[in-house]
Number of protein chains: 2
Amino acid sequence: MSGTTELTLGDLGERGIQEKVFQPRYGAVEGFGDDSALLGAVSARSELVATTDSCPTPLVNLLREPDLYHAGWLLATINLSDLAAAGAEPLGLVVNYTLPKATTVGEFERLLDGVDDCCVAHGTKVAGGDIRDGEVVQLTATAIGRCGPGRRLRRSGAQRGDRLILVGSPGYLWAAALLETGQATLPQPDRAEVWRRACRPTAQLKAGRVLAATGLARATMDVSDGLFATVRTLCEANGLGAAVTGEFELDEWPASVAEQCGLPPFALAQTWGDWGLVVAAGAGDVQRVTEALRGEGVAAQEIGTLTADGRLTSGPENTPWQGIAQERFSASSWHGGELSTLVTEVLGRR
Amino acid sequence: MSGTTELTLGDLGERGIQEKVFQPRYGAVEGFGDDSALLGAVSARSELVATTDSCPTPLVNLLREPDLYHAGWLLATINLSDLAAAGAEPLGLVVNYTLPKATTVGEFERLLDGVDDCCVAHGTKVAGGDIRDGEVVQLTATAIGRCGPGRRLRRSGAQRGDRLILVGSPGYLWAAALLETGQATLPQPDRAEVWRRACRPTAQLKAGRVLAATGLARATMDVSDGLFATVRTLCEANGLGAAVTGEFELDEWPASVAEQCGLPPFALAQTWGDWGLVVAAGAGDVQRVTEALRGEGVAAQEIGTLTADGRLTSGPENTPWQGIAQERFSASSWHGGELSTLVTEVLGRR
């Protein structure tokens, strides 16, 4: 890093930090770059993985009143989602909270309820943690999980010609945003269900385990920063490009919201907040993979093909994919962004 | 918690939060209250533990110029120290950094060097992590470790009449503070070595494993917030009190500093920052425990006895122990405190 030490992290941006600082330092560590870090084998039957993430302000708290319940739920989900991308079974979560002294016990209990409810919903628990006072709320957790030997899902291992599969049902969070900001409408029970799913996204743990069991997923990542950012990172990890179809069959409610807003379904499918997985699988294995997932009640759709030319394109004409990519340490970082600009940035000007 | 939901966390203080919020919610989780959380058995040969801690501003950065190296080193040590208190062998660290965009790459590399060097010194490694931008520096890590079956050290299990043993060599950090603030002096090579040890405290991992192997430690805690706070918490976990002798044989350099400052050796021995362990052992086992530790090059001294009356006393007259206790979420929280008041608070007015 000689010559760059006076640069700031903001100059480098998240991708620059990865490339110029972390890669030279940690690139040789097995599992570097994967969603979950590898701790090693603890027995002949398991490999341990761990992952840590901090929780940004949940979008649903910008859309309605702040409620730490949603932050707690999201904190657990974003960490468990990284375990899902490793095909791991969670062993537990350890949490680390920095909270202002003025936080009420009632607000704090909502935070803990959110974390605990999310853990229960995913079949795991809070095993321990730490708390300290500070001026700025900071919610961090670490999830630890276990993979079967040789079954750990990785980011690398994809091949040219592999198909990309999007696992999960995207579009609920941003459909909720469009509903809350008055740009679309749904009958009340449906709208309430969209809101519920936006507030309580779940990690694809079951899908991860199914994928690990099939042995057919050549590369896997979770969609934490949007589909474009995920596919781009997965491509970079494999020295490949991708041609996505730009088509997607949304669930009924997000589809209706997209239609009312004049958005193509893919515009909602490529947003973030629903914690799906992107999987690369051999062209001949796509049907077995999607059937195995659907057999366990998990939605999955083919969305494109990995290519050798390093480009990221969309649609039948292979035009450049103008996807969103939230990058930390950059001017466009969405952490703490304003709602009014977020909707435009994520869904584009219409 | 009905009736208390409008109280703030600052009203409760750290101990109140533990008692009124965490105990009712998590008290039934095995390992609750121990320095490391229990994740469960992963094989017939191991139990997994994990711990998470954030790093406060290192005292050495208040004494001289700020250097993120020291924060990085301390971040690793404080987490590994909790594994030591469980008698665990570390499997790895996952780190979580929030840093301002204006942080230079050079400063960031210093942080990473500190964490990495400390991990190497303890025979472990950074397995993975996360980074995001934020206005306030926040450094958090999680350490994951493995204990032999039935060998995990706990806070509870001590009995009336057990002896307290302080494991490690305390007093270096606050000797350095007294040297740096001109209240004592040492010849240069000695002073440099005191400073080095103050900057690079190590976790008692070897001692923890020796203790676990002997099976003679009935309760164990690390000294993270000072000896008084540690003994008080250990007593509360066991429904006991403690009578400490108030005597301690410091290493040569801290002893000289204490003498020059008119401090009894115990005043330096009961400070924080040196990451020792407190162990309760049967009166008849003290010699075997200390010899086992010394055989591995680890210092250990008996400092008192656990009593049935619930009081914390010091000295031959059993006067109330006026120890320091840094408590989070309280007015006296030392996180981010001023150096001038810290020296007085920790070492007392002289």
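Keep in mind the model is a prediction, meaning the values are calculated, not measured.

## Re the packing of aromatic side chains
Here comes step 1: With the rule as written, the count across this model stands at 14 aromatic pairs over all chains.
Here comes step 2: Consider the rings of W174(A) and W272(A), whose centres lie 5.2 Å apart with planes at 90°: the pair is edge-to-face. Taken together, the positions of W174(A) in helix α5 (residues 172-180) and W272(A) in the loop between α10 (265-269) and β9 (277-281) put the pair 98 residues apart, joining distant regions of the chain. One exposure class covers both W174(A) and W272(A), and it is buried.
Here comes step 3: Members of the aromatic cluster, joined through ring pairs, are F22(A), Y26(A), Y97(B) and F108(B).
Here comes step 4: Residue placement shows R64(A) over the ring face of W195(A); its charged tip is 3.9 Å from the ring centre.

## Looking at the domain arrangement of chain A
Here comes step 1: For chain A, the domain assignment lists domain 1 (1-30), domain 2 (33-147) and domain 3 (163-347).
Here comes step 2: Look at where the C-alpha atoms of domain 1 of chain A and domain 2 of chain A centre, and you get two points 26 Å apart.

## Considering the sheet that holds strand β11 (residues 312-314) of chain A
All names here are of chain A.
Here comes step 1: Reading across the sheet, the seven strands line up as β7-β9-β6-β10-β8-β11-β12 and stay open at both edges, with mixed pairing between neighbours. With one partner strand each, in any of the chains shown, β7 (219-222) and β12 (319-320) form the two edges of the open sheet.
Here comes step 2: Of the pairings in the sheet, the one linking strand β6 (residues 163-167) to β9 comprises five bridges and is antiparallel in character. Bridge pairing links R163 to A281 in β9.
Here comes step 3: Helix-sheet contacts for helix α3 (residues 68-86) involve β7 and β9, and the interaxial angle to β7 is about 170°.

## Here we look at the interface of chain B and chain A
Here comes step 1: Taken residue by residue, the interface counts 70 residues in chain B and 70 residues in chain A.
Here comes step 2: Approximately 5,700 Å² of surface area, both sides summed, lies buried where chain B meets chain A, with 60% of it carried by carbon and sulfur atoms.
Here comes step 3: Put simply, chain B and chain A have six salt bridges between them.
Here comes step 4: When the shortest N-O distance is used, the salt bridge between R25(B) and D116(A) registers 2.8 Å.
Here comes step 5: Summed over the shared surface of chain B and chain A, the result is 25 residue pairs in polar contact (both at pLDDT 80 or more).
Here comes step 6: Mapped by element, the contributors of at least two residues to the side of chain B that touches chain A are α1 (9-26), β1 (37-43), β2 (46-54), β3 (89-99), α4 (105-121), β4 (126-133) and β5 (138-147) of chain B.
Here comes step 7: Here the residues of the side of chain B that touches chain A are counted per class, giving 34 nonpolar, 22 polar and 14 charged.

## So, the nonpolar core
Here comes step 1: In this structure, I17(A), L93(B), Y97(B), L99(B), F108(B), V167(B) and L293(B) are the most contacted members of the largest nonpolar core, which totals 61 residues.
Here comes step 2: The element contributing the most residues to this core is helix α3 (residues 68-86) of chain B, with 13 residues.
Here comes step 3: Discounting residues that sit within four places of it in the chain, F108(B) has contacts with L9(A), I17(A), V21(A), F22(A), Y97(B), L99(B), T103(B) and I131(B).
Here comes step 4: Judged by nonpolar contacts, the second largest core, of 60 residues, contains L74(A), C118(A), I165(A) and A203(A).

## Considerations on the pattern of salt bridges
Here comes step 1: Applying the stated criterion to the full structure yields 37 salt bridges over all chains.
Here comes step 2: A salt bridge links K20(A) to E19(A); the shortest N-O distance between them is 3.6 Å.
Here comes step 3: With a closest N to O distance of 4.0 Å, D309(B) and R311(B) form a salt bridge.

## Topic: the sheet that holds strand β10 (residues 300-307) of chain B
Residues and elements named next belong to chain B.
Here comes step 1: Taken in spatial order, the seven strands line up as β7-β9-β6-β10-β8-β11-β12 in an open sheet, and their pairing is mixed. Whereas interior strands pair on both sides, the edge strands pair on one side only; in this sheet they are β7 (219-222) and β12 (319-320).
Here comes step 2: Pairing between β7 and strand β9 (residues 277-281): four bridges, direction antiparallel. Counterpart to M221 in the pairing with β9 is V278.
Here comes step 3: Contacts from helix α8 (residues 227-238) reach β6 (163-167), β7, β8 (241-244), β9, β10 and β11 (312-314) within the one sheet, and its direction differs from that of β7 by about 145°.
Here comes step 4: The sheet contacts of helix α11 (residues 286-295) involve β6, β9 and β10, and relative to β6 the element is tilted by about 10°.

## Regarding unusual backbone geometry
Here comes step 1: Not every positive phi belongs to a glycine, and N318(A) is a case in point at roughly 55°.
Here comes step 2: Secondary-structure assignment places N318(A) in the loop between β11 and β12.
Here comes step 3: Its identity as a non-glycine residue notwithstanding, W275(B) has a phi of 55°, on the positive side.
Here comes step 4: Within the fold, W275(B) resides in the loop between α10 (265-269) and β9.
Here comes step 5: We classify W275(B) as buried; its relative accessible area is 9%.

Rules used in this analysis
- Residues numbered from 1 in each chain as written.
- Chains lettered and ligands numbered in written order.
- Predicted model: local features only at pLDDT ≥ 70, side-chain atom pairs only at ≥ 80, totals over all residues.
- Heavy atoms only, no water.
- Phe/Tyr/Trp six-rings, centres within 6.5 Å; stacked < 30°, edge-to-face > 60°.
- Helix = DSSP H or I, 4+ residues; strand = E, 2+ residues; numbered from the N terminus.
- Buried < 20%, exposed > 50% of the residue type's maximum accessible area, 1.4 Å probe, protein only.
- Lys NZ or Arg CZ within 6 Å of the ring centre and 35° of its normal.
- Domains from an automatic or database assignment.
- Pairing = 2+ DSSP bridges.
- Contact = heavy atoms within 4.5 Å.
- Axes fitted to C-alpha atoms, helices over the stretch in contact; angles between N-to-C directions.
- Buried area = accessible area lost by both parts, 1.4 Å probe.
- Salt bridge = Lys/Arg side-chain N within 4 Å of Asp/Glu carboxyl O.
- Polar contact = N/O pair within 3.5 Å; in protein donor to acceptor, adjacent residues only side chain to side chain.
- Nonpolar A, V, L, I, M, F, W, Y, C, P; charged D, E, K, R; others polar.
- Core = buried A, V, L, I, M, F, W, Y, C linked by side-chain atoms within 4.5 Å.

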